[in-house]
Amino acid sequence: MTSTETVSDALGVLRRVFGYDSFRGEQEAIISHVVDGGDALVLMPTGGGKSLCYQIPSLVREGVGVVISPLIALMQDQVDALRALGVRAGFLNSTQDYEQRREVEQAFLAGELDLLYLAPERLRLESTVSLLGRGKVALFAIDEAHCVSQWGHDFRPDYLGLSELHERWPDVPRIALTATATKATHEEIATRLNLGEAKHFVASFDRPNIQYRIVPKNSPQKQLLELLRTEHAGDAGIVYCLSRASVEKTAEFLSANGIPAVPYHAGLDARTRAKHQSRFLREDGLVVVATIAFGMGIDKPDVRFVAHLDLPKSVEGYYQETGRAGRDGQPSTAWLAYGLQDVVQQRKMIDTSEGDDAHRRRLGQHLDAMLALCETIECRRVQLLNYFGQQGERCGNCDTCLAPPESWDGTVVAQKLLSAVYRLATERRQKFGAGQSIDILLGKQTPKVSQHRHDELTVFGIGTELSESEWRGVVRQLLAQGLLAVEGDYGTLVLTEASGEVLGRRREVRLRREPKRAAKAPKTAKSKAAVEMPPEAAPLFERLRAWRAETAKDQGVPAYVIFHDATLRQIATERPSTLEQLGGVSGVGESKLVKYGEAILETLSAA
Ligand code: ADP
Ligand code: ZN
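Residues numbered from 1 in each chain as written. Chains lettered and ligands numbered in written order. Predicted model: local features only at pLDDT ≥ 70, side-chain atom pairs only at ≥ 80, totals over all residues. Heavy atoms only, no water.

Identification of the chain as DNA helicase RecQ from Amycolatopsis acidicola is taken from an unreviewed UniProt entry. In the Catalytic activity (unreviewed entry) part of its UniProt record, the chain is described as follows: "Couples ATP hydrolysis with the unwinding of duplex DNA by translocating in the 3'-5' direction." The UniProt entry for the chain carries the following comment under Sequence similarities (unreviewed entry): "Belongs to the helicase family. RecQ subfamily." (UniProt positions renumbered as here; feature names shortened; annotations may be inferred.)

1. Section: the coordination of the zinc ion (ligand 2)
Only Cys-379 (SG), Cys-395 (SG), Cys-398 (SG) and Cys-401 (SG) from the protein coordinate the zinc ion (ligand 2), and they sit 2.3 to 2.4 Å from it. Considering all 4 donor atoms around the zinc ion (ligand 2), the spread of angles at the metal, 103 to 118 degrees, places the coordination shape in the tetrahedral class. Taken in chain order, the donor set of the zinc ion (ligand 2) reads C-x15-C-x2-C-x2-C. Highlighted residues: Cys-379 in the loop between helix 15 (357-375) and helix 16 (380-387) and Cys-395 in the loop between helix 16 and helix 17 (399-402), separated in sequence by 16 residues. By the burial criterion, Cys-379 is buried, and Cys-395 matches it. (Donors = N, O, S within 2.8 Å, 3.2 Å for Na, K, Ca; no water. Tetrahedral: all angles 85-135°; square planar, octahedral: opposite > 155°, others 65-115°. Helix = DSSP H or I, 4+ residues; strand = E, 2+ residues; numbered from the N terminus. Buried < 20%, exposed > 50% of the residue type's maximum accessible area, 1.4 Å probe, protein only.)

2. Points about the packing of aromatic side chains
Counted by the stated rule, this structure contains 11 aromatic pairs. Ring centres of Tyr-319 and Phe-388 lie 5.1 Å apart, and the angle between their planes is 45 degrees; this geometry places the pair in the tilted category. Residue Tyr-319 is located in helix 13 (residues 315-322), and its partner Phe-388 is located in the loop between helix 16 and helix 17; the two are separated by 69 residues in the primary sequence. Each member of the pair, Tyr-319 as well as Phe-388, is classed as buried. Both rings, one in Trp-547 and one in Tyr-596, keep their centres 5.8 Å apart while their planes meet at 80 degrees; by these two values the pair is edge-to-face. Here Trp-547 is found in helix 23 (residues 538-555), whereas its partner Tyr-596 is found in helix 27 (residues 590-606), with 49 residues between them in sequence. (Phe/Tyr/Trp six-rings, centres within 6.5 Å; stacked < 30°, edge-to-face > 60°.)

3. Here we look at the domain arrangement of the chain
Each domain of the chain was delimited in the assignment, giving domain 1 (3-202), domain 2 (210-338 + 376-405), domain 3 (407-513) and domain 4 (535-606). Using C-alpha coordinates to define each centre, domain 1 is positioned 30 Å away from domain 4. At the interface, 13 residues of domain 1 touch 14 residues of domain 4. Of the roughly 930 Å² buried where domain 1 meets domain 4, counting both sides, 54% is carbon and sulfur surface. Our enumeration of links across domain 1 and domain 4 arrives at 0 salt bridges. (Domains from an automatic or database assignment. Contact = heavy atoms within 4.5 Å. Buried area = accessible area lost by both parts, 1.4 Å probe. Salt bridge = Lys/Arg side-chain N within 4 Å of Asp/Glu carboxyl O.)

4. Some details on the sheet that holds strand 11 (residues 287-290)
A sheet is described by the order of its strands in space; here 6 strands give the open sequence 8-13-12-9-11-10, paired in parallel fashion. Of all the strands in the sheet, the pair left with one neighbour each is strand 8 (210-216) and strand 10 (261-264). Direction aside, the axes of adjacent strands within the sheet are offset by 15 degrees on average. Bridge count for strand 10 against strand 11 is 4 bridges, and the pairing is parallel. From the neighbouring strand, Tyr-264 faces strand 11, where its bridge partner is Ala-290. (Pairing = 2+ DSSP bridges. Axes fitted to C-alpha atoms, helices over the stretch in contact; angles between N-to-C directions.)

5. Observations regarding the packing of helix 18 (residues 411-427) against helix 19 (residues 434-442)
Running from N to C, helix 18 and helix 19 cross one another at 110 degrees; their axes reach a closest spacing of 10 Å. As the angle between them shows, helix 18 and helix 19 are arranged roughly perpendicular. You can see that helix 18 and helix 19 cross each other, and the crossing is right-handed. When helix 18 is examined against helix 19, the residues Lys-416, Leu-417, Ala-420, Val-421 and Leu-424 are found in contact with a partner set consisting of Ser-437, Ile-440 and Leu-441. (Parallel < 35°, antiparallel > 145°, perpendicular 65-115°, else oblique. Left-handed = near helix turned anticlockwise from the far one by under 90°.)

6. With respect to the site of ligand 1
Ligand 1 sits among 15 residues. The nearest are Tyr-20, Gly-47, Ser-51, Arg-327 and His-564. Between Ser-22 and ligand 1, the recorded distance is 2.9 Å, taken from a backbone N or O atom to a nitrogen atom. For ligand 1, the accessible surface in isolation is 570 Å², of which the surrounding protein chains cover 85%. With 3 residues, the single largest contributor to the shell around ligand 1 is helix 3 (residues 50-60). (Near = heavy atom within 4 Å. Polar contact = N/O pair within 3.5 Å; in protein donor to acceptor, adjacent residues only side chain to side chain. Areas by Shrake-Rupley, 256 points an atom, 1.4 Å probe, with all protein chains shown as cover.)

7. Some thoughts on the nonpolar core
Residues Ile-68 and Leu-132 are the most contacted members of the largest nonpolar core, which totals 135 residues. At 7 residues, helix 18 tops the list of elements feeding residues into this core. In this structure, Leu-82, Leu-115, Ala-119 and Phe-201 belong to the second largest nonpolar core, which totals 35 residues. (Core = buried A, V, L, I, M, F, W, Y, C linked by side-chain atoms within 4.5 Å.)

8. Some thoughts on the UniProt feature "domain: Helicase C-terminal" (unreviewed entry) in the chain
The residues that UniProt annotates with the feature "domain: Helicase C-terminal" (unreviewed entry) are residues 220-371. The distance from the first to the last C-alpha atom of residues 220-371 is 18 Å, and the span holds 48% helix and 17% strand.

9. Concerning the confidence of the model for the chain
Here the chain shows a mean pLDDT of 90. Residues at 70 or above account for 95%. Between residues 523-530, whose pLDDT stays under 50, and residues either more than four places distant or in other chains, the model counts 14 contacts. (pLDDT = per-residue confidence, 0-100.)

10. A short note on the sheet that holds strand 5 (residues 137-142)
Taken in spatial order, the 7 strands make up an open sheet running 3-4-2-5-6-1-7, and their pairing is parallel. The sheet is open, and its two borders are formed by strand 3 (89-92) and strand 7 (199-202), each paired with just one other strand. Put simply, the sheet's adjacent strands are angled 20 degrees from each other on average, direction ignored. The sheet contact formed by strand 2 (residues 64-68) and strand 4 (residues 115-118) spans 4 bridges and is parallel. Paired with Gly-65 across the strands is Leu-115, a residue of strand 4.

11. Details of the pattern of salt bridges
The tally for this structure, following the rule as stated, stands at 30 salt bridges. Across the pair Arg-360 and Asp-357 runs a salt bridge whose closest N-O atoms are separated by 3.1 Å. Within this pair, Arg-360 and its partner Asp-357 are both found in helix 15, separated by 3 residues, close to a single helical turn. Residue Lys-444 is joined to Glu-468 by a salt bridge in which the shortest nitrogen-to-oxygen separation is 2.9 Å. With Lys-444 in the loop between helix 19 and helix 20 (447-451) and Glu-468 in helix 21 (residues 468-480), this residue pair connects regions lying 24 residues apart in the sequence. The partly exposed category is assigned to Glu-468, whose relative accessible area is 35%. Where salt bridges share partners, they join Asp-284, Glu-542, Arg-545, Arg-548 and Asp-565 into one cluster.

So, in structure tokens, the structure goes:
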């Protein structure tokens, strides 16, 4: 097969089966490379369109595309979504009984499958290997390929075994895919999976439709509620908290305030977790409040916001989590509330973490990068892309672009604060947390101040130019810049080497002034892929959504398996009156046109 044939076949499949007009970014290059039999390593952000990169070659090449994925709980949905498109797909994993497995195996051997999803541990069974040997494999796709890395997950041993695929099937192309962007992981995947000859495809990691916002944390639950009420009423979203207790509390708080929300964390039993995940996928507008245990592989396209109530431990984690918003390219929000307590708590966690010094140092570096992102006065997106080794321009769609914070000369206030810590340490041989130092600077006569006679210190009352919350902001930023440190169980403040430079007037301190007015989503959030919908089309869109909800329920599949929001928006806007016109809408392929075309036209004409 020549390359030009490849491309036209692939494009035909894209249009006919998936109902999309054109490839995105590197999809075309990747697909034609794999169709031609080449190995590929694909790094693309969440929502970038990785699935098509192996699904289309599986349809174009002879044989069955074998997809290795650790996300057993999601296989059923993935297969349902493909079947809705008329693709013959099946899976084999531990959730099936013997009879169900046998049916899939028969279909595979009879050449009645286009795609077969496998849990990685299946490939360690001789029976699976021999099954694959008796059929025709079109390609191996290794999804979530970062699982092979040392930072990977429980599936690592199974993933390491995948390096042997090449020996057993030297002529079958392999395509490994991940949304993890760092160079180290990238190289590790290539080595461990034996992908030395593979062509590397690294997409831009920008997600232009996601609006990044990081705000100072005052009363996080109220701030969250305000965000959801004013900007995300009725939207599906994920709220991340660090602890199980705060997950539970926040979910209760939202529910009590009329926002449908369910908790998700490792302390819940497996059935409850599965139920909540399935509701999130199936219902419109449900909020999941979760620890980071939730979300990997969730390919719900219409998650409209991801909110963090606690500071993530690394920029990578943050980017993965926020990346779950807006896979459909529609405007979405990534919102993080962060405060002094986060820094104190995380430093403490690092100090007491298991592992050697090198490990702790690494954790510290991850936290520092995260703090730098929080405290930057530059474009958040530029900073994020730089972190992943990519260039960007001021984006106009993050809080610092929308309401630029000022920086100010904080040298004097920094000196005041550091002096207070210094006096306590030298004159009294005492260490305190941020609260006491701030009370001293503000000249507050609290019982604790009297008890320790801190009102006799020369620094008592020298900091009345700032409010308490402004002082907390100063402490937070000094911690982030390494000009101050915390230690021990109580998060007591201690000086660092760099503190000396500030106290000795050898170093200037720049601080970030929070904009008075928090940045809000502009009415026309900038987004390349967004489908604009005129306001008069909104009632029709709601009607179509209601039709979709009912249909999805009848068929027991998530709503997005029927049609994505973007597709319904375009239908509501263009109001097609024939099947042919409807078939021209992005996301309406042949199979869905046959299945749902009449019902859609009826819904439109009834409106
Ligand atoms: P990833 O696996 O990289 O997170 P997906 O494969 O789930 O991303 O794709 C994200 C979304 O983009 C899906 O809803 C998919 O249908 C859509 N998509 C992918 N490629 C295209 C394309 N060429 N045109 C239009 N939509 C696309
Ligand atoms: Zn920006």
